[in-house]
Amino acid sequence: IMSRDPAQRSLTVLQTPDASLRNRVFVVTEPVCVGRVEEGSVNLVVDDRLLSRCHATISRLSDSGLHELVDHDSRNGSFVEGLRVKRRHLDAGTIVRLGVTLFEITKDDKAYDLIDLSPSGDDSGALIGRSKALHDVSAAIARAAASPDETICLVGESGTGKEVAAKRVHELAKHSGRFVAISSGSTVIDEALLGRAIGGTLYLDEIERMDRDGQEAVVELLDKNLEIRFIAATTANLEALVSDGHFSGALYARIAERQVEMPSLRQRRSDIPILTQHYLKVAAPERHFDWSATFLEKLLLYDWPLNNKELRAVMQ
């Protein structure tokens, strides 16, 4: 069922022992009653031995997008954001556990394919998943790669994969030169590094940390129209820094030609199980790992302030 109502919500299945339902999306146009047996009002049957026959119902309350879960005296309980509940309001991003099946309340009206935006030789896993947010990034990267003369600014929290995205743009654009990454903490851009970037991409990380002399030097380089694709990355609100006088308006105008927002893990929770498996495989390819629903639930509910960088470290 396709939904074009911005207030509509769906149940996205993140993890379940029922292989036929993994990664499925169920739009809540009518009340969805989850249970182990198809009887009575049950219209979403899940092969999960810890579910009751008629476990819980999720239904829409209003046009605001607010939904509600009602537990039907289930034996093992219904959990919302890690807490056992009898009745609870739900909104987009909420994690629900029924039995050992984990759902996310989403705005999606369809399931998305698994994609891997990692450039060649990159195992960081930062841009692997099937969330809508990651598909939006994929489309933005493709558009950026198709415009080789544009300067790009990647905006996002630490650990969201900004450098991985920059390398992906470089790879898709098929530049003849190299990808050169430098820290923006220094005032001077090394001429040898600049020379290696001719015909390729110069990636300026944390450009908000560059002092005014360095910012002016970058503007001069951009004005020279060198055969270099400039990609900047920032964790800051550059527009606010310009207003405060802490960042060059001239440089901001140049690097803001095309901005790509990099989502945090909190904005792509459905990718966490996929990333967890990826990082475990990278850390110990010869081992098989299994986990409980409550363990994965804890991963989904944690805020991950350092995003993929932190998740990888925890899995290692």
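This text goes with the structure placed above it.
Let me begin by describing the structure that accompanies this report.

Moving on: the nonpolar core. Grouped together as the largest cluster of nonpolar side chains are 23 residues, with contacts concentrated most on Leu-202, Leu-204, Ile-207, Leu-251 and Ile-255. Every element with two or more residues in this core is listed here: strand S14 (152-155), strand S15 (179-183), strand S16 (201-205), helix H4 (212-223), strand S17 (229-234) and helix H6 (249-255). Ranked by residues supplied to this core, first place goes to H4 with four residues. If near-sequence neighbours (up to four positions away) are discounted, Leu-204 is found in contact with Ile-182, Ser-184, Ile-189, Val-218, Phe-230, Ile-231, Ala-232 and Ala-233. If you look at the next biggest cluster of nonpolar residues, it comprises 22 residues, including Ala-126, Ala-140, Ala-144 and Ile-152.

The next subject is unusual backbone geometry. In this structure, Glu-206 is a non-glycine residue whose phi angle is positive, near 50°. Structurally, the position occupied by Glu-206 is in the loop between S16 and H4.

With that settled, the discussion passes to helix H7 (residues 272-283). The end-to-end C-alpha separation of H7 is 16 Å, in line with the 16 Å expected for 12 residues at 1.5 Å each. Along H7, the residues classified as buried are Ile-272, Pro-273, Ile-274, Leu-275, Thr-276, His-278, Tyr-279 and Leu-280. Along its buried surface, H7 packs onto strand S1 (10-15), strand S13 (128-129), helix H8 (293-301) and helix H9 (307-315).

Taken across its five residues, strand S6 (residues 67-71) has five buried, putting it largely inside the fold. Burial of the side chains of S6 extends over both faces: His-67, Leu-69 and Asp-71 are buried on one face and Glu-68 and Val-70 on the other. Relative to S6, strand S5 (residues 56-60) is paired through five bridges, and the arrangement is antiparallel. If you follow Thr-57 over to S6, its bridge partner there is Val-70.

Among the structural elements, Ala-56 can be located in strand S5. Along the backbone, Ala-56 and Ser-74 are 18 residues apart, and their C-alpha atoms lie at a distance of 7.5 Å. In contact with Ala-56, other than residues within four places in its own chain, are Val-32, Cys-33, Val-34, Leu-69, Val-70, Asp-71, His-72, Ser-78 and Leu-98.

Criteria and thresholds
Residues numbered from 1 in each chain as written. Predicted model: local features only at pLDDT ≥ 70, side-chain atom pairs only at ≥ 80, totals over all residues. Heavy atoms only, no water. Core = buried A, V, L, I, M, F, W, Y, C linked by side-chain atoms within 4.5 Å. Buried < 20%, exposed > 50% of the residue type's maximum accessible area, 1.4 Å probe, protein only. Helix = DSSP H or I, 4+ residues; strand = E, 2+ residues; numbered from the N terminus. Contact = heavy atoms within 4.5 Å. Expected span 1.5 Å × (residues − 1). Pairing = 2+ DSSP bridges.

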